[in-house]
Amino acid sequence: MSSIFVVIIGLLGLAVGSFLNVAVSRVPAGRSVLRPRSACPECAVPIAARDNIPLVSWLLLGGRCRACRAPIPVRYPLLEALTALLFAAEALRFGRSETLPAALVFTAGLLALAACDAELFLLPRRLVHPTLGLTAACLLAAAAATGQWHRLGVTAACAVGGFAVFFALHWVRPAWLGFGDVRLAALLGTGLGWLGPWHLVLAVVAGSAAGLLVGLALMAAGRATRSTRLPFGLFLAAGAIAALLVGTPVVDWYERLGDPYAASAPVTPARP
């Protein structure tokens with residue numbers, strides 16, 4: 001894979017991360033992500049173009065507004081840097097394949113949802129639905145370009161299956177899952193089903209395990225109790241991105257465990 005291609009996708013991630021910050025700040029409040037221009041929330045002074053360069057401007061300004069010196073939340077550079085890093089990693093993972101656009105859209109949406117859940121315990125449908133629709137559209141284009149319509153069928157089945165399972169859990173115990181998590185499950189099925197149903201299972205298991213470990217660590221440190229609320233969507237998003245990037249070797253290893261004849265078979269490369 002060309003290093004120039006990876007760098008370009010990483011720079012695209014910086015720009016997308018800047019847009020995600022706008023979405024995280026405005027969508028939960030029901031505001032448009034297009035208008036008005038970005039401005040300091042403290043002094044309302046519009047942000048100049050020179051102060052709106054992803055990551056760089058925050059560093060040059062020392063993390064403070066140029067006009068009023070109010071601190072700019074660290075979430076802004078972190079989300080931009082994380083988006084760039086993950087975009088570059090996915091460029092390495094999928095290369096110039098038809099799967100890459102769907103992976104990038106899926107990841108960007110998950111990052112915005114994770115940030116909203118971490119800050120507000122909210123998974124806005126105005127983020128879930130567009131991400132699901134754009135991811136599905138990219139996968140439809142991938143199926144049309146490659147002729148792999150069966151993978152699109154598996155994707156649809158995973159989306160419906162994930163939604164159904166989480167909906168059942170929500171119906172049985174609403175305290176366990178909010179309905180935002182139910183919508184998120186459909187998105188996870190859409191984004192991961194193209195790679196296979198076990199990637200969706202891996203994402204849910206990894207996200208649940210991460211949430212459990214964090215909860216136990218917080219309780220051990222005296223910073224949480226059994227009734228403390230945790231942003232489960234954040235952990236599901238992390239599990240999904242991990243499954244997207246490194247899930248195929250894990251799934252292949254698991255499948256070989258159950259196949260006594262697989263030990264002597266050659267290991268197939270990661271599927272794009």
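Residues numbered from 1 in each chain as written. Predicted model: local features only at pLDDT ≥ 70, side-chain atom pairs only at ≥ 80, totals over all residues. Heavy atoms only, no water.

### Here's the deal with the nonpolar core
Part 1: Counting 53 residues, the largest nonpolar core has Phe-106, Leu-110, Leu-184 and Leu-188 as its most contacted members.
Part 2: Counting residues per element, the ones that place at least two in this core are α1 (3–26), α3 (75–94), α4 (100–120), α5 (125–146), α6 (149–172), α7 (179–193), α8 (197–220) and α9 (232–257).
Part 3: The element that contributes the greatest number of residues to this core is α4, accounting for 13 residues.
Part 4: With residues up to four places along the chain from it excluded, the contact list for Phe-106 reads Thr-131, Thr-135, Leu-187, Leu-188, Gly-191, Leu-192, Ala-240 and Leu-244. (Core = buried A, V, L, I, M, F, W, Y, C linked by side-chain atoms within 4.5 Å. Buried < 20%, exposed > 50% of the residue type's maximum accessible area, 1.4 Å probe, protein only. Helix = DSSP H or I, 4+ residues; strand = E, 2+ residues; numbered from the N terminus. Contact = heavy atoms within 4.5 Å.)

### Some thoughts on the packing of aromatic side chains
Part 1: Scanning the entire structure with this criterion turns up four aromatic pairs.
Part 2: Summarising the aromatic geometry, the rings of Phe-163 and Phe-167 are spaced 6.0 Å apart at their centres and angled 20° between planes, so their arrangement reads as stacked. Taken together, the residues span about one helical turn, with Phe-163 and Phe-167 both in helix α6 at a distance of four residues.
Part 3: Assessed through its relative accessible area of 37%, Phe-167 is described here as partly exposed.
Part 4: Each ring, one from Trp-198 and one from Tyr-254, has its centre 5.3 Å from the other, and the planes form 55°; the classification is tilted. Taken together, the residues span a long stretch of sequence, with Trp-198 in helix α8 and Tyr-254 in helix α9 at a distance of 56 residues.
Part 5: These aromatic residues form a ring-pair network of at least three members: Phe-163, Phe-167 and Phe-179.
Part 6: A cation over a ring is seen here: Arg-75 above Tyr-76, with NZ or CZ 4.6 Å from the ring centre. (Phe/Tyr/Trp six-rings, centres within 6.5 Å; stacked < 30°, edge-to-face > 60°. Lys NZ or Arg CZ within 6 Å of the ring centre and 35° of its normal.)

### Some thoughts on a nonpolar patch on the surface
Part 1: Taken together, the side chains of Trp-198, Val-201, Val-205, Val-250, Trp-253, Tyr-254 and Leu-257 present a nonpolar region at the surface, about 700 Å² in accessible area.
Part 2: Among the elements that line the nonpolar patch, the one with the most residues is α9, at four residues.
Part 3: Looking at where Val-250 falls in the secondary structure, it is placed in helix α9. (Patch = residues over 30% accessible without salt bridge, like charges linked within 9 Å, V, L, I, M, F, W, Y side chains within 5 Å. Areas by Shrake-Rupley, 256 points an atom, 1.4 Å probe, with all protein chains shown as cover. Salt bridge = Lys/Arg side-chain N within 4 Å of Asp/Glu carboxyl O.)

### Overview of unusual backbone geometry
Part 1: For the peptide bond that leads from Arg-35 to Pro-36, omega is -5°, which places it in the cis range.
Part 2: Among the secondary structure elements, Pro-36 is positioned in the loop between α1 and α2 (56–60).
Part 3: Of note, the phi angle at Leu-55 is positive, near 65°, even though the residue is not glycine.
Part 4: Inspection of the secondary structure assignment puts Leu-55 in the loop between α1 and α2.
Part 5: Judged by its relative accessible area of 25%, Leu-55 falls in the partly exposed class.

### Looking at α6
Part 1: Compared with the 34 Å implied by 1.5 Å per residue over 24 residues, the 35 Å span of α6 between its first and last C-alpha is a close match.
Part 2: Along α6, the residues classified as buried are Arg-151, Leu-152, Thr-155, Cys-158, Ala-159, Gly-162, Phe-166 and His-170.
Part 3: Looking at the buried positions of α6, the neighbouring elements they touch are α5, α7, α8 and α9. (Expected span 1.5 Å × (residues − 1).)

### Description of the confidence of the model for the protein chain
Part 1: Counting all residues, the mean pLDDT for the protein chain is 91, and 94% of those residues have values of 70 or more.
Part 2: Mean pLDDT values for the elements of the protein chain range from 91 in α9 up to 97 in α4. (pLDDT = per-residue confidence, 0-100.)

### Regarding the state of the cysteines
Part 1: Counted under the stated rule, the structure contains zero disulfides.
Part 2: This cysteine, Cys-138, is not joined by any disulfide, and Cys-158 carries the nearest cysteine sulfur, 18 Å off.
Part 3: The class for Cys-138 is partly exposed, based on a relative accessible area of 21%.
Part 4: Using a relative accessible area of 8% as the deciding quantity, one classes Cys-158 as buried. (Disulfide = S-S within 2.5 Å.)

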